[in-house]
Amino acid sequence: MYLPAWPGLGWREVAGPPRPDLPFPLRAPAVTAFHTARNAIYHLFVELVRSGRRVVLAPDYHMGNEVRAMRAAGAQIVWYPVDRYFQIDLERLRRLCRQHGPSVLFVIHYAGWPQPMEALSRLCAEKDLVLVEDCALALFSEHGGRPVGSFGDYAIFCLYKTLPLPDGGLLVQNRRVFSRLLRMPLRPSGRTFVAGRMAELTLERIRSRHPAVGRRLAGAKAAIGGLLNAMRVERVPVGDTGFNVAHADLGMAAVSHAIAARCDANRIRQRRRENFLALRHAFIEEAAVRGDLPSGMCPLFFPLLVAHKHDAARALWRRGVMATELWNDGDDSVRGQDGEDARFLRRHVLELPIHQDITPGQIERMAGVVRELNIVLPFAAARRECQPA
């Protein structure tokens, strides 16, 4: 068995006909397509800081790259807590507004679960806050029949977390449009990078369908990668690799635009929901950070709570499940200012893949591996860790 963390790339995604019914944000009216989402965040916050909006309310539970991009743009961060269910305390936000006078609220939709956007929108209107939605983990999710990312003044999307693309980060401007961001002269990310990522994504599809063949191809790919390293060929990275201002003016590859135009959002959402529900049925509900699945939500992964994250990830890898250690560390500036719930999530959340490439049979086998390895954090232990000192 081999279950990749990313959806793989096949003939249908590359050569199928473009779809006439592409959903938000792929056909948003004011959108700029960057190489990565962190590039979009950087350029947005450069403009916000220039306009006098420097102080940003940001969550203590975050990846790190988004905060590094904001700080590089000159933003000043005020942290607000996120609880162990990925939720925001609105009253705490109100107190922080009174104490610090922020001008921007940055909200993350974790793993596809929408935040309470109506209440947050009312708060922003009341306090004159610009609302920025980070939808990197929530492409195709909806809230109350509306797509996430359509509530705030601005929204950020990371396409390649959900779709089999080499790259792609979208900045959507719903209101207060900065026209300069619509006319940016963005550089291409480079043919070597695009070809390498296309090969990786194609290999992921083959390995998930034909593991023995995929292993042999993976060996050949590793040899090619070593040759490129020896030749010092520069490859601009994506993923959890930090933020580099020198790469901030890179645009989304043309082939990523073409593949995105062929995606079937409804099919992707439905398959991910089915896979999530199958895993939820396989474990006790408390095995996940959250077990609810609101109508219209497109879950990015199954957020499994494990006792020992590093050991659990490696045990799953050895069994062919490419689980991901979610956000072990945030930006350095949050240390000492993050809450216990954020630290709990960093210690225990492991991503199990549920993407549209994974079949029901593979989900069943993955659930069996998780049960056999006995890696789930006991519910009683989770409750003890979350009790206040």
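Refer to the structure printed above.
Residues numbered from 1 in each chain as written. Predicted model: local features only at pLDDT ≥ 70, side-chain atom pairs only at ≥ 80, totals over all residues. Heavy atoms only, no water.

## As for the sheet that holds strand E12 (residues 349–353)
Point 1. An order of E10-E12-E11 is seen for the three strands of this open sheet, with the pairing classed as antiparallel. Two strands close off the open sheet at either side, each with one partner strand: strand E10 (301–305) and strand E11 (324–325).
Point 2. Here E11 runs beside E12; their pairing, made up of two bridges, is antiparallel. Looking across to E12, one finds that Thr324 is bridged to Glu351.
Point 3. Strands E11 and E12 of the sheet are contacted by helix H10 (residues 309–318), whose axis makes an angle of about 20 degrees with E12.
Point 4. Strands in contact with helix H11 (residues 340–348) are E10 and E12; relative to E12, the strand with the most contacts, it is inclined by about 50 degrees. (Pairing = 2+ DSSP bridges. Helix = DSSP H or I, 4+ residues; strand = E, 2+ residues; numbered from the N terminus. Contact = heavy atoms within 4.5 Å. Axes fitted to C-alpha atoms, helices over the stretch in contact; angles between N-to-C directions.)

## Looking at the nonpolar core
Point 1. Core analysis: the largest hydrophobic core is formed by 128 residues, its most contacted members being Phe45, Tyr61, Leu105, Val132 and Leu352.
Point 2. Apart from residues no more than four positions distant in its own chain, Leu105 is found in contact with Leu57, Tyr80, Leu93, Leu120, Cys124, Leu129, Val130, Leu131 and Val132. (Core = buried A, V, L, I, M, F, W, Y, C linked by side-chain atoms within 4.5 Å. Buried < 20%, exposed > 50% of the residue type's maximum accessible area, 1.4 Å probe, protein only.)

## A short note on the sheet that holds strand E3 (residues 76–80)
Point 1. Overall, mixed pairing links the seven strands, which are arranged E1-E9-E8-E5-E4-E2-E3 in an open sheet. The open sheet has two edge strands, strand E1 (31–34) and E3, and neither has a second partner. On average, each strand axis in the sheet is tilted by 20 degrees relative to the strand beside it, whichever way the strands run.
Point 2. Sheet topology note: the strand E8 (residues 154–158)/strand E9 (residues 169–173) ladder contains five bridges and is antiparallel. Residue pairing in the sheet places Ile156 in a bridge with Leu171 of E9.
Point 3. Sheet contacts for helix H2 (residues 37–50): E1, strand E2 (55–59), strand E4 (104–108), strand E5 (130–134), E8 and E9; angle to E8, the most-contacted strand, approximately 160 degrees.

## Remarks on helix H6 (residues 191–209)
Point 1. Taking 1.5 Å per residue as the helical rise, H6 with its 19 residues ought to reach 27 Å, and the 27 Å between its terminal C-alpha atoms agrees with that figure.
Point 2. For H6, the full list of buried residues reads Phe193, Val194, Arg197, Met198, Leu201, Leu203, Glu204, Arg205, Arg207 and Ser208. (Expected span 1.5 Å × (residues − 1).)

## So, the pattern of salt bridges
Point 1. With the rule as written, the count across this model stands at 26 salt bridges.
Point 2. A salt bridge links Arg68 to Asp331; the shortest N-O distance between them is 3.5 Å. On the criterion of sequence distance, the pair formed by Arg68 in helix H3 (residues 65–72) and Asp331 in the loop between E11 and H11 is long-range, its members being 263 residues apart.
Point 3. Judged by its relative accessible area of 27%, Arg68 falls in the partly exposed class.
Point 4. Residue Asp331 is classed as buried on the basis of its relative accessible area of 3%.
Point 5. When the shortest N-O distance is used, the salt bridge between Asp357 and Arg209 registers 3.6 Å. Here Asp357, found in the loop between E12 and helix H12 (360–373), pairs with Arg209, found in helix H6; they are 148 residues apart in sequence, far enough to count as distant.
Point 6. The network of salt bridges with common partners includes Glu13, Arg205, Arg209 and Asp357. (Salt bridge = Lys/Arg side-chain N within 4 Å of Asp/Glu carboxyl O.)

## Quick word on the packing of aromatic side chains
Point 1. Using the criterion set out here, one finds 14 aromatic pairs in the structure.
Point 2. Both rings, one in Tyr61 and one in Phe86, keep their centres 6.2 Å apart while their planes meet at 10 degrees; by these two values the pair is stacked. In this pair, Tyr61 sits in the loop between E2 and H3 while Phe86 sits in the loop between E3 and helix H4 (90–100), placing the two residues 25 residues apart along the sequence. Each member of the pair, Tyr61 together with Phe86, is buried.
Point 3. By the ring-pair criterion, three or more aromatic residues cluster together here, those being Tyr61, Phe86, Tyr110, Trp113, Phe276, Phe283, Phe302 and Trp327.
Point 4. Lying across the ring of Phe151, Arg146 places its NZ or CZ 4.0 Å from the centre.
Point 5. Here Arg197 stacks its cationic end above the ring of Trp6, 5.4 Å away from the centre of that ring. (Phe/Tyr/Trp six-rings, centres within 6.5 Å; stacked < 30°, edge-to-face > 60°. Lys NZ or Arg CZ within 6 Å of the ring centre and 35° of its normal.)

All we've got here are geometric facts, nothing functional implied.
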